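Structure at a glance
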Amino acid sequence: MRAANRQQLREDARSTGKYAAHRHVRGHAFPAAPIQRSALKKSRAVPISHRGRKSTCLTQATAAPLVTSQMGPAPVQPPTEPVVVDYSIYTVAPNVKMLRGTCRCERLKYEVEYGMKRGTTDNSYLITAPGATVLIDVPYEAYGEKFVSTVESEVPLTSLTHLIITQLDTKAVTSLELLLARRKAAADASATAVEPLQVVLSNPALRLVQPAIGEKADKAHLLSSVQLVVARSGGQVAPCGPAEGDQLQVILTPTPRWPDLLVVHDPVNRLLFSSKLFAAHVAPPEGEALDENGWEGFGDDWRYYFECMLAPSARQAAAALDKLDLVPARRRPGTAPKRLNKTSAALRSFFRSLLGLEKKAAAAGEEGPAPATMAAAASPGSVPLPVCTLLPMHGPGVSSALTQLLQEYRKWVDEQIKAAATSCAAVFYASAYGNTAALAQAISRGITKGGVAVETINLELAALQEVSEAITRSQGFVLGSPTLGGHMPTQVSVAMGAILREPSAKAMPCGVFGSFGWSGEAVDEMEGRLRDAGFGFAFDSIRVKFKPTAKDLLLCEESGRALAQSIKKRIKSKELSAAPGTRALNASGPQLAMGRVVGSLSVLTAKDEDATSAMLASWISQASFDPPGVTVSVKKDRAIEKLLVVGGKFAVSMVAEGRERPVMKALSRPFSPGEDRLADLETVPSPHLGVPLLKTANSFLECSVVTRMEAGDHYLIYAHVLDGKVLNENAPTAVHHRKVGNHY
Ligand SMILES: Cc1cc2nc3c(=O)[nH]c(=O)nc-3n(C[C@H](O)[C@H](O)[C@H](O)COP(=O)(O)O)c2cc1C
């Protein structure tokens, strides 16, 4: 039925396809994009079995992708810098190795834009057990070649019996193809028969592999020596120890962002291969596989990753934590991580080939057990899983901070769910190349920072019913779409219909956004339809050409925050009309006393690529002599907070006494998203960082963020002072006096 639908769509598209002319934008030639307007306008709703239940899906990720082959080849996106990667191997348990691909680029070029500046890793794991050699995960395409050579340096590819895929991104498919091709070539060259590789993956991941490899004439042969095994929650999938019952167990933990997500438990070594859970985009120091500095070393990175990736799906994250019921357990003796450097890996590979071990190992693989069929065990439910180390897909393995990270995850999830009980916003989007997805992520984070829970829904994967349900749970919404073939894709159009039909939606603040290449009609269409229907906008519509810059992402965060403020304002005014007079609260004794704490009035300015922001600050203090350091306390929902992550650069301009008034007037008013906060002030660039400095400052500091900790509703940021200068010897610094300590 589904295949017939797909075929029909293709026929429709072929018969009605019109071809757009060649266009040139900013020096980039875009190939003609065939546009099938009838196919685009027609609903692609097809009944599918979605997450174990029958539902009508707006579209099915693999059956009706946003961009179809009938639309022609993808236009050339503006070039990005090449990603430089490196590989290291670490022993994390006697029979378990971490194969860690490290990218130290400042900003991730190959994933949804991510503001952290500490690089990242793509971790795969290799487990050897009697009769089985199990590989867990393939990395992004940029790592492909080095990844396969690294696996080969450890084991002959023909000896691999299982590959478990915990989450598969479209950009990891190339690495999968490379691995399968090289294994197949080795098997074809082998004198002995090689068992098919069992590739264990979830159903949504299978729906990515089938069309990307299985249905491509030039690639289908790669699956001829592969047995695709769909994982079921609780299923035992591969041996991981000497005893018969020593089996790796998979647990499905889908979220809207990663519907294919699963984790793997190793009961012998008490490891959890946690995939995207407990992950962080950070490259730990060379030689350290695990979190040697514990929470202090990586707490911010885990938190930031959670906020960006999991907070928008907090309910599903909570369900995953409930399902896993992880219990911190002791590490078994003799499993301290040991790094094998790249040289030794290469040397071992060399010696293996000299000694002909490849063949022996292949023969050993042949004697292994016949491919097991998937055990369909019951869901582990509340059965506790003992864990001494979490081994995620990105960032360090978690051992020292295990207990704290488990507790914090629960706390973060609960906070999000609690916020959702009072206020919630829905962010609906579709994205063919990840650009609109990056905007959706930044807007979602802005909403979360604004104190409103968010549900971020990828319309490519969501059932229509999910859209209706999300809108009835929300007090505001945002809709994002790329422009494809001069329109918004059908998935967005259909979702919009559902929103327009929902009577409660009209009273909600909303917003629209999208990435485009040259004409950008989608955002105009969405804005026009919502405006005509009488909807009110919380922020100006966001239109971004191709990939968003740092400035675009900052605008998105600010817009998300504007939506959150608008939602909170409406809730507050409802509460006030229900219970008039509750506003008149007297300040408490401690609040009055705290008002006597004074601070130096200053202006904080920060810059990242093309994004600049500023704020008035008086909660600033010297914190260290050597090296010279300062602390500054920044409210969590401030726009500038995004630029003050570890490694971020900022400047402090100290306001001179008598010069306070114009500075306070310019910076104390509310700003709309994207507005230049320094427009009413005269500035000059700082000498080293090029960050704006107040022309009238009596002195300035240039700083680099070293660490930050949560301090209630603020982040306490500790920074090294890189440079500074007194500009006016005779002007003392203005002191900010307050009466009450419950505001600035
Ligand atoms: C087949 C195809 C058709 C497109 N048609 C248009 C178009 O009509 N107008 C436009 O402004 N951009 C068009 N684009 C460019 C996309 O809008 C642009 O690549 C955008 O960044 C995609 O956003 P996304 O990454 O969220 O999918 C087209 C791209 C493709 C692949």
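Since the model is a prediction, treat every value here as computed from it, not as a measurement. (Residues numbered from 1 in each chain as written. Predicted model: local features only at pLDDT ≥ 70, side-chain atom pairs only at ≥ 80, totals over all residues.)

Let's talk about the overall build of the chain
- On a plain count of helices and strands, the chain comes out with 17 helices and 38 strands.
- Across the chain, the fraction of contacts at a sequence separation of at least 24, relative to all contacts at a separation of at least 6, is 76%. (Helix = DSSP H or I, 4+ residues; strand = E, 2+ residues; numbered from the N terminus. Contact = placed C-beta atoms within 7 Å.)

Overview of the packing of helix H7 (residues 314-324) against helix H10 (residues 402-422)
- Contact geometry for H7 and H10: axes closest at 9 Å, N-to-C directions at 140°. In terms of orientation, H7 lies oblique with respect to H10. Relative to H10, the crossing made by H7 is left-handed. Side by side, H7 and H10 meet where Ala314, Arg315, Ala317, Ala318 and Leu321 of the first sit next to Tyr409, Arg410, Val413, Gln416, Ile417 and Ala420 of the second.
- Each residue belonging to the contact of H7 with H10 can be placed in one class, and the counts come to eight nonpolar, one polar and two charged. (Axes fitted to C-alpha atoms, helices over the stretch in contact; angles between N-to-C directions. Parallel < 35°, antiparallel > 145°, perpendicular 65-115°, else oblique. Left-handed = near helix turned anticlockwise from the far one by under 90°. Nonpolar A, V, L, I, M, F, W, Y, C, P; charged D, E, K, R; others polar.)

A few points about the pairing of strand S24 (residues 476-480)
- When you tally the buried positions in S24, you get five out of five residues, the bulk of the element.
- Burial along S24 is two-sided: Gly476, Val478 and Gly480 and Phe477 and Leu479, pointing in opposite directions, are all buried.
- In this structure, strand S22 (residues 424-429) lies alongside S24, joined through five bridges in parallel fashion. Looking at the pairing, Ala425 lines up with Gly476 of S24.
- Pairing of S24 with strand S25 (residues 509-516), which is carried by four bridges, proceeds in the parallel orientation. Opposite Phe477, over in S25, you have Cys510 as the bridge partner. (Buried ≥ 20, exposed ≤ 12 C-beta atoms within 10 Å, placed from the backbone. Pairing = 2+ DSSP bridges.)

Here we look at the nonpolar core
- In terms of nonpolar packing, the biggest core is built from 186 residues, with Ala425, Val427, Phe428, Phe477 and Leu604 touching the most fellow members.
- The residues touching Phe428, leaving out its near neighbours within four places in the chain, are Ile457, Leu459, Val467, Phe477, Leu479 and Ala495. (Core = buried A, V, L, I, M, F, W, Y, C linked by C-beta atoms within 7 Å.)

A word on the sheet that holds strand S29 (residues 602-608)
- One open sheet accounts for seven strands, arranged S30-S29-S33-S36-S37-S32-S31; its pairing is antiparallel. In the strand order of this sheet, the two ends are held by strand S30 (611-617) and strand S31 (620-624), each with one partner. In this sheet, adjacent strand axes meet at a mean angle of 35° when their direction is disregarded.
- Running over the sheet, helix H17 (residues 660-668) touches S29 and S30 and is turned about 125° from S30.

Description of the pairing of strand S23 (residues 453-458)
- In terms of burial, S23 is largely enclosed, as five of its six residues are buried.
- The sheet contact formed by S22 and S23 spans six bridges and is parallel. Bridging across to S23, Cys424 finds its partner in Ala453.

A closer look at the environment of Trp258
- Structurally, Trp258 can be placed in the loop between strand S15 (247-252) and strand S16 (262-266).
- Residue class for Trp258 comes out buried when judged on the 25 C-beta atoms lying within 10 Å of it.
- Spatially, the C-alpha atom of Trp258 lies 9.5 Å from that of Ala205, the residues being 53 residues apart in sequence.
- Apart from the residues lying within four places of it in its own chain, the contact partners of Trp258 are Gln167 and Lys276.

Digging into helix H13 (residues 490-501)
- Across its twelve residues, H13 extends 17 Å between first and last C-alpha, which sits within 8% of the 16 Å expected from 1.5 Å per residue.
- Among all positions in H13, only Thr490, Gln491, Val492, Ser493, Ala495, Met496 and Ile499 are buried. (Expected span 1.5 Å × (residues − 1).)

Digging into the sheet that holds strand S21 (residues 389-392)
- On the basis of which strands lie adjacent, the open sheet formed by five strands has the order S14-S15-S16-S17-S21 and mixed pairing. Of all the strands in the sheet, the pair left with one neighbour each is strand S14 (236-239) and S21. Neighbour-to-neighbour, the strand axes of the sheet open up by a mean angle of 25°, direction not taken into account.
- With three bridges joining them, S14 and S15 adopt antiparallel strand pairing. If you follow Pro239 over to S15, its bridge partner there is Gln247.

Some remarks on the environment of His487
- For His487, the position within the fold is in the loop between S24 and H13.
- Residue classification places His487 among the partly exposed residues on the basis of 19 C-beta atoms within 10 Å.

With respect to unusual backbone geometry
- The omega angle of the peptide bond from Asp626 to Pro627 is 0°, so this bond is cis rather than trans.
- Structurally, Pro627 can be placed in the loop between S31 and strand S32 (629-635).
- In this model, Phe278 sits at a positive phi of 60°, which is unusual for a non-glycine residue.
- Mapping Phe278 onto the fold places it in the loop between strand S17 (271-275) and helix H6 (294-310).
- C-beta crowding within 10 Å serves as the criterion here: with 28 such atoms nearby, Phe278 is assigned to the buried category.

Some thoughts on the packing of helix H3 (residues 144-154) against helix H4 (residues 173-189)
- Their axes nearest at 9 Å, the elements H3 and H4 cross at an angle of 40°. Judged by the inter-axis angle, H3 sits oblique to H4. Here H3 and H4 pass one another in a crossing that is right-handed. Here Gly144, Glu145, Phe147 and Val148 of H3 lie close against H4, whose contacting residues are Thr174, Ser175, Leu178, Leu179 and Arg182.
- Residues that form the contact of H3 with H4 fall into these classes: four nonpolar, three polar and two charged.

Concerning the environment of Val634
- Counting through the fold element by element, Val634 comes out in strand S32.
- Once the C-alpha coordinates of Val634 and Glu710 are considered, the two residues, 76 residues apart in sequence, prove to be 9.9 Å apart.
- Excluding residues within four positions of it along the chain, Val634 makes contact with Ile640, Glu641, Leu644, His714, Tyr715 and Ile717.

Here's the deal with the confidence of the model for the chain
- In this model, the chain carries an average pLDDT of 81, and 79% of its residues clear a pLDDT of 70 or more.
- Of the regions scoring below 50 in pLDDT, residues 1-63 engages in 113 contacts with residues more than four places distant in sequence or in other chains.
- Segment residues 338-381 is flagged for pLDDT under 50; beyond a separation of four residues in sequence, or across chains, it makes 68 contacts in the model.
- Here the prediction assigns the complex a pTM of 0.65, and the interface score ipTM is 0.89. (pLDDT = per-residue confidence, 0-100.)

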